[in-house]
Number of protein chains: 2
Amino acid sequence: MDHLLDRRRLLTLAAMASAAGTFPVSAKEQDAAPSANPLAIPADAPRITMLVHPRMVLLDLIGPMTAFNILRTHIDLVWKDKTPVSTELGIPVTPTKTFAEADEAPDVLFVPGGTMGTVDCMNDPEVLEFLRGRGEKAGWVTGICTGVLTLAASGLLEGYDATANWVHADLLPLMGARRVNKRVVTDRNRMTGAGVTAGVDFALTLAAELRGEEEARRVQLILEYAPEPPYEGGTPEREPELAAALRARTPWMREQVENASKAAGQRLAIGK
Amino acid sequence: MDHLLDRRRLLTLAAMASAAGTFPVSAKEQDAAPSANPLAIPADAPRITMLVHPRMVLLDLIGPMTAFNILRTHIDLVWKDKTPVSTELGIPVTPTKTFAEADEAPDVLFVPGGTMGTVDCMNDPEVLEFLRGRGEKAGWVTGICTGVLTLAASGLLEGYDATANWVHADLLPLMGARRVNKRVVTDRNRMTGAGVTAGVDFALTLAAELRGEEEARRVQLILEYAPEPPYEGGTPEREPELAAALRARTPWMREQVENASKAAGQRLAIGK
């Protein structure tokens, strides 16, 4: 009947829906809204700095990021510059902030993985220096998959329990971390997750720490996360033959991750 | 010692690793390799057409795509044109083929969700015509989350069992599908998944159909998919109060999905 009334009603309902965080809403759309608008992320919402890097496994980023977005947090995707970084799927990701622009003391620092991209990061002083600097001031220092090795190479896991992708998690002690064979490991303000799909378990665990259990359960419901894997597998313990075959077929990759871990351990003077 | 020898050894090992599919390798890199090279995806590998559309939930695409990529399949991201489509995370995705260029008879047709983007697709004759045309010739017709509603609106689920995102799955019968309250539903050559994170369960189930159980278990191990959700939630049955609150707060969204479902049902002459 009345366009103005209809529009006002729609805006009110949209604001209610978004304030309830019922569905993912683009951080950009929210940031564009005036601060008095319920569409805006609350100014005091957690600030999350997510490293993005070339040859990243995209799902390592997108699993946690989707959960953090539904949680209504401020998310920055950070790299040396704003050139899009490559991912294994051929879908590039454009950083939203450079290292220089990144928050000095984020509530959460997060590092994704991607084996050969991880090796590059582990051998890159600029990346390690950035992580160490921000990590020392961050509320939470976090990572999943091989990204945990990047964190460890920066020295941020010295003396901490941690987990990582099953293929390379045994290398963590070379860099001073205690390897714990669990899917998500919390030790003081360090939280780490196992390979790729562990990102969702990790993010929900962290969501509860940041915003409480009910918020985390709400995010889990919106993601409809009641998993039913078709096979009782997904770990080297449950799939010893497949795991042995996979390990045997990537000696060159393993060699590079191992060399990077040893070099990082020497720089950190682990065991000295 | 000898650069040529080192390089040859590295290439051989890289080829072995990739042939084993141990880690995700960019489809682009693989396509660029000569056909005699083990790095290339086998010519007879399944061809998968994944719809991408504006306001898509990125994880709806990336969960299944990551699994299909590790499975070494030919993946096309398809939309009307090659303008990047928006996602709820602010990370755009560039289509690799237009509707006109897409395979006539793909082995798999897949549709992701994203509520308001889904509504747009359900009301868009060009999208529905594309899906119906390719779906009628596809080996498998698949989708997850609200993307299943898009499939249903195209008429491809008439007389089939299907599941979808819990918020809107009850609307499927308006478009002639039988709603089955399960995480992954297979009915003849239709396979559908529930909301967002069900994409990984769906993709592994489909992987077994495409390449056999051992390949699917290998993909599950590489993804380290042995989920441990922090809460026994993730479904409206397990979280009735949270679910009721979420439903009550998005009447305007629900109204639009319902209207689009009814309109599609009328076009399909369901119940006539």
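Residues numbered from 1 in each chain as written. Chains lettered and ligands numbered in written order. Predicted model: local features only at pLDDT ≥ 70, side-chain atom pairs only at ≥ 80, totals over all residues. Heavy atoms only, no water.

1. Focus on the overall build of chain A
Here is step 1 of the chain: The helix and strand tally for chain A stands at 10 helices and nine strands.
Here is step 2 of the chain: Evaluated residue by residue, chain A yields a buried proportion of 61% over its 272 residues.
Here is step 3 of the chain: Taking as baseline every contact in chain A between residues at least 6 positions apart, the subset at least 24 positions apart corresponds to 68%.
Here is step 4 of the chain: Element-wise, carbon and sulfur atoms account for 52% of the exposed surface of chain A, whose accessible area totals about 10,600 Å². (Helix = DSSP H or I, 4+ residues; strand = E, 2+ residues; numbered from the N terminus. Buried < 20%, exposed > 50% of the residue type's maximum accessible area, 1.4 Å probe, protein only. Contact = heavy atoms within 4.5 Å. Areas by Shrake-Rupley, 256 points an atom, 1.4 Å probe, with all protein chains shown as cover.)

2. Details of the packing of aromatic side chains
Residue and element names in this part refer to chain A.
Here is step 1 of the chain: This model, assessed by the stated rule, comprises eight aromatic pairs over all chains.
Here is step 2 of the chain: Summarising the aromatic geometry, the rings of Phe 99 and Phe 130 are spaced 4.1 Å apart at their centres and angled 5° between planes, so their arrangement reads as stacked. Highlighted residues: Phe 99 in the loop between strand S3 (97-98) and strand S4 (108-111) and Phe 130 in helix H5 (residues 125-137), separated in sequence by 31 residues.
Here is step 3 of the chain: Judged by its relative accessible area of 8%, Phe 99 is buried.
Here is step 4 of the chain: Given the relative accessible area of 5%, Phe 130 is considered buried.
Here is step 5 of the chain: Through successive ring pairs, a cluster of aromatic residues spans Phe 68, Phe 110 and Phe 202. (Phe/Tyr/Trp six-rings, centres within 6.5 Å; stacked < 30°, edge-to-face > 60°.)

3. Here's the deal with empty space enclosed by the protein
Here is step 1 of the chain: Considering all chains together, one arrives at four cavities of 30 Å³ or more under this definition.
Here is step 2 of the chain: Lining the largest cavity are 16 residues, with Leu 59 and Val 200 of chain A together with Leu 59, Thr 197 and Val 200 of chain B sitting closest to its centre.
Here is step 3 of the chain: Put simply, the parts of the chain that give the lining of the largest cavity at least two residues each are helix H3 (58-70) and helix H7 (198-211) of chain A together with helix H3 (58-70) and helix H7 (198-211) of chain B.
Here is step 4 of the chain: Tallied by class, the residues present in the lining of the largest cavity amount to 10 nonpolar, six polar and no charged. (1 Å grid on protein atoms, 1.4 Å probe; cavity = no way out; pocket = protein on both sides within 12 Å on 5 of 7 lines; lining within 4 Å. Points joined across faces, edges and corners; volume = space filled by probe spheres on them. Nonpolar A, V, L, I, M, F, W, Y, C, P; charged D, E, K, R; others polar.)

4. Points about the sheet that holds strand S8 (residues 184-187) of chain B
Residue and element names in this part refer to chain B.
Here is step 1 of the chain: Taken in spatial order, the seven strands make up an open sheet running S3-S2-S1-S4-S5-S9-S8, and their pairing is mixed. Strands with a single pairing partner mark the edges of an open sheet, and in this sheet they are strand S3 (97-98) and S8.
Here is step 2 of the chain: Bridge count for S8 against strand S9 (residues 190-193) is four bridges, and the pairing is antiparallel. Bridging across to S9, Thr 186 finds its partner in Met 191.
Here is step 3 of the chain: Contacts between helix H5 (residues 125-137) and the sheet are confined to strand S1 (47-51), strand S2 (74-79), strand S4 (108-111) and strand S5 (140-144), with S4 contributing the most and set at about 150° to the helix.
Here is step 4 of the chain: H7 rests against S1, S4, S5, S8 and S9 of the sheet, and its axis sits at about 165° to S5. (Pairing = 2+ DSSP bridges. Axes fitted to C-alpha atoms, helices over the stretch in contact; angles between N-to-C directions.)

5. Notes on the pattern of salt bridges
Here is step 1 of the chain: On inspection of all chains with the given rule, the structure shows 44 salt bridges over all chains.
Here is step 2 of the chain: Across the salt bridge formed by Asp 201 of chain A and Arg 183 of chain A, the nearest N and O atoms sit 2.5 Å from each other. Of this pair, Asp 201 of chain A sits in helix H7 while Arg 183 of chain A sits in the loop between strand S7 (178-179) and strand S8 (184-187), and the two are 18 residues apart along the sequence.
Here is step 3 of the chain: Overall, the relative accessible area of 6% leaves Arg 183 of chain A in the buried class.
Here is step 4 of the chain: In this structure, Glu 126 of chain B engages Lys 80 of chain B in a salt bridge whose closest nitrogen and oxygen atoms are separated by 3.8 Å. (Salt bridge = Lys/Arg side-chain N within 4 Å of Asp/Glu carboxyl O.)

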